[in-house]
Amino acid sequence: MYITVNPCIKSSKSVLELIGSKLNVSSGSVSRLWLEISSKLSDGMVIIVDEAQHLTRNAIDTLRSLCDCFDEKGQTLGICFVGNETTVSRLGGKQKAEFAQIRNRTKNTRFYSVKQIKKSDIEMLFPDIREDTAAVEFLLCIAQSPQAIRGAVNLYSNALDNGNVTAKGLSAIAKYMDMAV
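Residues numbered from 1 in each chain as written. Predicted model: local features only at pLDDT ≥ 70, side-chain atom pairs only at ≥ 80, totals over all residues. Heavy atoms only, no water.

(A) Highlighting the packing of helix H1 (residues 12-22) against helix H2 (residues 30-40). Viewed as axis vectors pointing N to C, H1 and H2 meet at an angle of 35°, and their least axial separation amounts to 10 Å. In the crossing of H1 with H2, the sense of the turn from one axis to the other is left-handed. Here H1 contributes Lys 13, Leu 16, Glu 17, Ile 19 and Gly 20 to the contact with H2, which in turn contributes Val 30, Leu 33, Trp 34 and Ile 37. Tallied by class, the residues present in the contact of H1 with H2 amount to six nonpolar, one polar and two charged. (Axes fitted to C-alpha atoms, helices over the stretch in contact; angles between N-to-C directions. Helix = DSSP H or I, 4+ residues; strand = E, 2+ residues; numbered from the N terminus. Left-handed = near helix turned anticlockwise from the far one by under 90°. Contact = heavy atoms within 4.5 Å. Nonpolar A, V, L, I, M, F, W, Y, C, P; charged D, E, K, R; others polar.)

(B) Quick look at helix H3 (residues 57-72). Taking 1.5 Å per residue as the helical rise, H3 with its 16 residues ought to reach 22 Å, and the 22 Å between its terminal C-alpha atoms agrees with that figure. Among all positions of H3, only Ala 59, Ile 60, Asp 61, Thr 62, Leu 63, Arg 64, Leu 66, Cys 67, Asp 68, Cys 69 and Phe 70 are buried. Of the residues flanking the end of H3, it is Gly 74, one or two places downstream, whose phi is positive at about 75°. (Expected span 1.5 Å × (residues − 1). Buried < 20%, exposed > 50% of the residue type's maximum accessible area, 1.4 Å probe, protein only.)

(C) A look at unusual backbone geometry. With phi around 55°, Asn 24 is a residue other than glycine that occupies positive phi space. Mapped onto the fold, Asn 24 is located in the loop between H1 and H2. Of note in this structure, Asp 178 is not a glycine but carries a positive phi near 60°. Exposure remark for Asp 178: the relative accessible area of 70% places this residue in the exposed category.

Here is the structure:
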């Protein structure tokens, strides 16, 4: 399950409401939401939380508690926090004692930079243009820029809407979007 949090959706209740909306769970108290969500999630699921740097410590603890619930049943629920460097330093770093319990349960903390994005990543993200080397290279340049994958996806989406995902079409849309390449 993929969710995106933001400065308005960052508390325990708002995050649970967001997850609940994906599981057709009606809103209610935090405890009711948590109980209904924990009963609808299943063994082996992964919740991907994008823009996780916005989460409050309490919201992170709430998500961790879902994992604990599954662990007690001998099952697994994965939580993947995706965000900026703040996310990694808060969750995987050594400086904040209040995140120690979360770090103890963290299986994998990695920081990936845009420079590590490869041609093969672009080909997997945009399989329709896999054979168009120039288009793949163009999107790779965008993905490796500060605009990152999100910029490449936005560019591709706009070019697709325009009916031209060739390198020439991508370039034209990039100029229109004022994207620096």
